[in-house]
Amino acid sequence: MNQEGRVRTAGFSPEGAAAAIFAVLFAILFFPVWLRGLSFFWGDLTYIHHPWRALPAQLIQSGRAPLWNPYLYFGMPMAAQMQGSLYYPGTVPFFLFGFSTATAVFQAAHYWLAAWLMFLWLKRSAGFSGAASLGGAALFGLCGFMSSRLPFLNHLATLSLLPALLIFFRRPALLGLTLAMAFLCGYPPFLIGGAAAVWATLAAAGHADFSSKQALAAGLARWAGAALLAMALSACLLLPAAELTALCRRASGIALEEVLEFGFRPGDLFQWIAPWLVSGKFDPAVEWWKAAYLGVAGLTAVGAGLAGLPRRRALGFGVLLAATLLLILGNSNPLSLAAWTDLPGLRMVRYPGNMAYLALPALALLAARGFSRKGWGILALAAAAELTVYGLGTSPAAPRELFTSGGPLVRRLQSDLGGARYLLSPLALETHQGSNLLDWKHRLYGLTNAPFRIAAGGNFGEPLVPRTTYDAMDFIYRQPGAAKAARHLSWAGIRFLLSPKPPPEGALIHEGSVLWEVGRVPGEVSLAYLLTPEAGESLPAGLPEAAPRLGPGLGFERTREDRFEVRAPAGAAPGWAYVAEPRYPGWRTFLETSAGVSEAESLPALGAFQRFQVPGGPWRLIFRYEPPTFRWGAALTAGALLGLALYWYNCGRNRSRLQDAQ
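Residues numbered from 1 in each chain as written. Predicted model: local features only at pLDDT ≥ 70, side-chain atom pairs only at ≥ 80, totals over all residues. Heavy atoms only, no water.

Asker: I tried to follow the sheet that holds strand β6 (residues 494-499) on my own but got confused; where do I start?
Answerer: Backbone hydrogen bonds hold the strands of a sheet together, and the pairing may be parallel or antiparallel. The 4 strands lie next to each other as β5-β6-β8-β7, forming an open sheet whose pairing is mixed. Of all the strands in the sheet, the pair left with one neighbour each is β5 (421-424) and β7 (509-514). With direction set aside, neighbouring strand axes in the sheet form an average angle of 25 degrees. Of the strand pairs in this sheet, β7 and strand β8 (residues 516-520) are connected by 4 bridges, and their pairing is antiparallel. Across the sheet, the residue bridging to Ser513 is Glu517, located in β8. Here helix α20 (residues 407-416) sits on the sheet and contacts β5, β6, β7 and β8; the angle it forms with β6, its principal contact strand, is near 160 degrees. (Pairing = 2+ DSSP bridges. Helix = DSSP H or I, 4+ residues; strand = E, 2+ residues; numbered from the N terminus. Axes fitted to C-alpha atoms, helices over the stretch in contact; angles between N-to-C directions. Contact = heavy atoms within 4.5 Å.)

Asker: When you look at the sheet that holds strand β9 (residues 528-531) in this model, what are you seeing that I'm missing?
Answerer: Overall, antiparallel pairing links the 4 strands, which are arranged β9-β12-β16-β15 in an open sheet. Looking at which strands have only one partner, the edges of the open sheet turn out to be β9 and β15 (603-605). For this sheet the average axis-to-axis angle between neighbouring strands, irrespective of direction, equals 35 degrees. One ladder, built from 4 bridges, connects β9 with strand β12 (residues 575-579); its direction is antiparallel. If you follow Leu530 over to β12, its bridge partner there is Ala577.

Asker: Mind showing me how you'd approach the nonpolar core here?
Answerer: If you look at soluble globular proteins, the nonpolar side chains tend to sit buried side by side. With 150 residues, the main nonpolar core has Phe22, Trp223, Met355, Tyr357, Val566, Trp619 and Leu621 as its most contacted residues. Considering each element in turn, this core owes the most residues, 13 residues, to helix α5 (residues 99-125). The next biggest cluster of nonpolar side chains, apart from the first, holds 62 residues, and it includes Leu444, Ala485, Ala486 and Leu498. (Core = buried A, V, L, I, M, F, W, Y, C linked by side-chain atoms within 4.5 Å. Buried < 20%, exposed > 50% of the residue type's maximum accessible area, 1.4 Å probe, protein only.)

Asker: What exactly am I supposed to notice about the packing of aromatic side chains here?
Answerer: Each aromatic ring pair is specified by the distance between its two centres and by the angle formed by the two planes. Overall, the coordinates contain 45 aromatic pairs when judged by the stated rule. Every member of this aromatic cluster is reached through a ring pair, and the members are Trp68, Phe556, Phe564, Tyr584, Trp587, Phe612, Phe623 and Tyr625. Lying over the aromatic face of Phe145, Arg149 brings its terminal NZ or CZ to 4.1 Å of the ring centre. One Lys or Arg, Arg611, reaches over the ring of Trp576 and ends 4.8 Å from the middle of that ring. (Phe/Tyr/Trp six-rings, centres within 6.5 Å; stacked < 30°, edge-to-face > 60°. Lys NZ or Arg CZ within 6 Å of the ring centre and 35° of its normal.)

Asker: Whenever I open this one, the packing of helix α2 (residues 14-35) against helix α6 (residues 130-142) confuses me. Can you help?
Answerer: To characterise two packed helices, one gives the angle between the axes of the helices and the distance between these axes. The contact between α2 and α6 brings their axes to 12 Å, and the two run at 35 degrees. The element α2 and its partner α6 pack so that their crossing is right-handed. Contacts from Ala18, Ile21, Phe22, Leu25, Phe26 and Leu29 in α2 reach Leu134, Ala137, Ala138, Gly141 and Leu142 in α6. Residues of the contact of α2 with α6, tallied by class, amount to 10 nonpolar, 1 polar and no charged. (Left-handed = near helix turned anticlockwise from the far one by under 90°. Nonpolar A, V, L, I, M, F, W, Y, C, P; charged D, E, K, R; others polar.)

Asker: So what exactly am I meant to see when it comes to the pairing of strand β17 (residues 619-625) here?
Answerer: For a regular strand, side-chain orientation follows a simple rule: the groups alternate between the two sheet faces. Within β17, 6 of the 7 residues are buried, which leaves the element mostly enclosed by the surrounding structure. Pairing geometry for strand β11 (residues 563-568) and β17, over 6 bridges, is antiparallel. Residue pairing in the sheet places Arg567 in a bridge with Arg620 of β17. As paired strands, strand β13 (residues 587-593) and β17 are joined by 6 bridges and run antiparallel to one another. Directly across from Trp587, in β17, lies its bridge partner Tyr625.

Asker: Looking at this structure, how should I read the pattern of salt bridges?
Answerer: Side chains that carry opposite charge are capable of pairing whenever their charged atoms lie near each other. A complete count under the given rule lists 23 salt bridges for this structure. Asp439 is the salt-bridge partner of Arg443, the closest N and O atoms lying 3.3 Å from each other. Across the pair, exposure class does not vary: Arg443 and Asp439 are buried alike. The salt bridge partner of Glu565 is Arg567, with a shortest N-O separation of 2.7 Å. On the basis of relative accessible area, Arg567 is assigned to the partly exposed category, the value being 35%. Taken together, the shared-partner salt bridges in this structure form one network comprising Arg560, Asp562, Arg563, Arg588, Glu599 and Glu626. (Salt bridge = Lys/Arg side-chain N within 4 Å of Asp/Glu carboxyl O.)

Asker: In this structure, what is going on with the confidence of the model for the protein? I would like to understand it.
Answerer: Summing up the model confidence of the protein, the mean pLDDT is 92 and the portion of residues at 70 or higher is 97%. Taken as a whole, residues 1-10 scores under 50 in pLDDT and shows 9 contacts with residues more than four places along the chain or in a different chain. (pLDDT = per-residue confidence, 0-100.)

Asker: I keep staring at the packing of α6 against helix α19 (residues 377-391) and nothing clicks. Help me out?
Answerer: It is at 8 Å that the axes of α6 and α19 come closest, and there the two elements cross at 20 degrees. Taken as axis vectors, α6 and α19 run roughly parallel relative to one another. In terms of crossing hand, the pair formed by α6 and α19 is left-handed. Of α19, the residues touching α6 (which contributes Ala131, Leu134, Gly135, Ala138, Leu139 and Leu142) are Gly377, Ala380, Leu381, Ala384, Leu387 and Thr388. Along the lines of polarity and charge, the residues of the contact of α6 with α19 split into 9 nonpolar, 3 polar and no charged. (Parallel < 35°, antiparallel > 145°, perpendicular 65-115°, else oblique.)

Asker: Would you mind showing me how to read the environment of Pro408 here?
Answerer: By the element assignment, Pro408 lies in helix α20. Here the alpha-carbon distance between Pro408 and Ala398, two residues 10 residues apart in the chain, equals 19 Å. Not counting residues within four places of it along the chain, the set of residues in contact with Pro408 comprises His442, Val514 and Leu515.

Asker: I would appreciate a short explanation of unusual backbone geometry in the present structure.
Answerer: Negative phi characterises most residues that are not glycine, and trans characterises most peptide bonds. Backbone torsion omega between Gly617 and Pro618 reads 5 degrees, so that peptide bond is classified as cis. Within the secondary structure, Pro618 is located in the loop between β16 (609-614) and β17. Phi at Ser85 takes a positive value of approximately 55 degrees, unusual for a residue other than glycine. Its location among the elements puts Ser85 in the loop between β3 (76-77) and α4 (92-96). In this structure Ser85 comes out as buried when scored by relative accessible area, which is 0%. Unlike most non-glycine residues, Arg453 shows phi in positive territory, near 60 degrees. By the secondary structure assignment, Arg453 is in the loop between α22 (437-441) and α23 (467-477). Arg453 gets classed as partly exposed once you look at its relative accessible area, which sits at 33%.

Asker: Could you clarify how one ought to interpret the side chain of Thr448 in this entry?
Answerer: Tracing the sequence through the fold places Thr448 in the loop between α22 and α23. On the basis of relative accessibility, which here comes to 2%, the residue Thr448 falls in the buried class. Here the side chain of Thr448 touches Tyr445 through a polar contact of 2.8 Å, landing on its backbone oxygen. Once residues lying within four places of it in the same chain are set aside, the contact partners of Thr448 are Thr46, Tyr47, Pro51 and Lys441. (Polar contact = N/O pair within 3.5 Å; in protein donor to acceptor, adjacent residues only side chain to side chain.)

Asker: How should I be thinking about helix α3 (residues 44-61) in this particular structure?
Answerer: Since the α-helix turns once every 3.6 residues, residues separated by three or four places project in the same direction. When the terminal C-alpha atoms of α3 are compared, their 24 Å separation across 18 residues agrees well with the 26 Å that a helix rising 1.5 Å per residue should span. The axis of α3 is deflected most strongly, by about 40 degrees, at His50, and proline Pro51 appears within four residues downstream. At the C-terminal side of α3, Gly63 shows a positive phi close to 80 degrees. (Expected span 1.5 Å × (residues − 1). Bend = angle between axes of the 7 residues up to and from the residue.)

Printed below as a string of structure tokens:
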């Protein structure tokens, strides 16, 4: 019996041993933070990922469907929001625990999953020894690029499933399920690029038979079938997200200047080796897109694995690594800039530094090949230890109450907004000031107002925003000064403007300082106004050249996030009701009068909003968000899950019959 067999008889398998080792390594990275009552908080984790997960969790815990979010960008569909991973099973901890605890569970589980799945592929499919597979998997799960994904929960989850694409490359049902899960993780660019990297890695390694047209066609057919299954399984998100994508401001692509932010420069390539080789102080939390280190031991193994390959195989890996290098260099040289400018699809992707993940499957395979050399097993353990040391302290930590503490500004807005909105001025966004961590968090940067149920007329950080609502926000932000912007706040339902400086006299009423200077719009501010027939007819569908004249405010009540009502009192004159709520597909409106209830026709008004012709009062407009794309998608997902369950049930019965027959 060989050594591996003796290990199995003792109750341990290589897979189980690897699982335990990775659990220990990630415990070393995370437990010192958690046991001190701290939580990772840096960057997007605080200002974007916390709101993305906290608000849906609140609604689900309250027994309400998370369909619409009225607190961001005047209001936008929550059911279509991809990056919050609402439908991904790994998000369940956020529905059961507080955000800090759920984040700790989520991060540890996905780092462990990434390394262990890569070990399974290297050991079972690629055929490497346990030690070599451990080294390659450690390079994948503990390298700088993965370590820098700590604040980006959707990036981390998507990347953790890339090894599963390798494992199930030839098994369409499991491949389709993996593709669906990876899509639901919330970052489709990594899924699309990761699938391409998987094909390129297997082709370079000779582990996939593409030597003939028939073999290539068979592989493509398997993946096409798996992709169709994945689309059906994830339709609950895919259909609403496709609708939002078609209507969002990025539907035609992203500006090249935004695409090319955060790329490598030639001098940054030393960071692929080790952080201590970088001249000057390098902070992987601040310069996260440059953190791509493989470690000295890991890179040595990669070089050895590449050097021992036949020329044709080495050329294939070389092309893959060179293509990755070309992309991560962004606009640092003419060739890379031309690639980002002209290659189809890249204008939908942001940040060249993010493209480093394309090389990770190939690098893990090459490292495992290098570690498989005689006597190099100890180097695999050294690589795992080296990368663990580099990972210590890469992300700042803060007390857990950071995510639950609202601060004085939140309390002020909750008590005084009266159902209207606030707007953080562009000057406040550019100031980025704060005397300490809590003070910084309490200033409502990013999307942090959402978990506190405070409606904003503008936010930053959400990538897919309906074009009309983004343009309405941008229109107000582009006004030359607070005085002119103040004229446009009432029709957008904005009561308070928060700014670093007191508002100019006469434009807004200065109501003191609460982290920011608070300026209140004089007079009545509502989310619905009654207009005369003439004023309603002349209200422009697009953004106004001058601030429109509004009539008296109407009663407005939001019964829940995806329901609200507008009321007119008895004696109200006939005319038009202007409602400062986004006009978006899926909303249905009913007019209730003494004569009965009928569906009301919504007409566009002031860019993002809507108007309705109404009779004399009393009457009530009832708004319900019932998106057909969500209903169709949920039905398709349920059908696909049922079909997949029946397929596996029949497969199990057939295996049992074959065993009985034998």
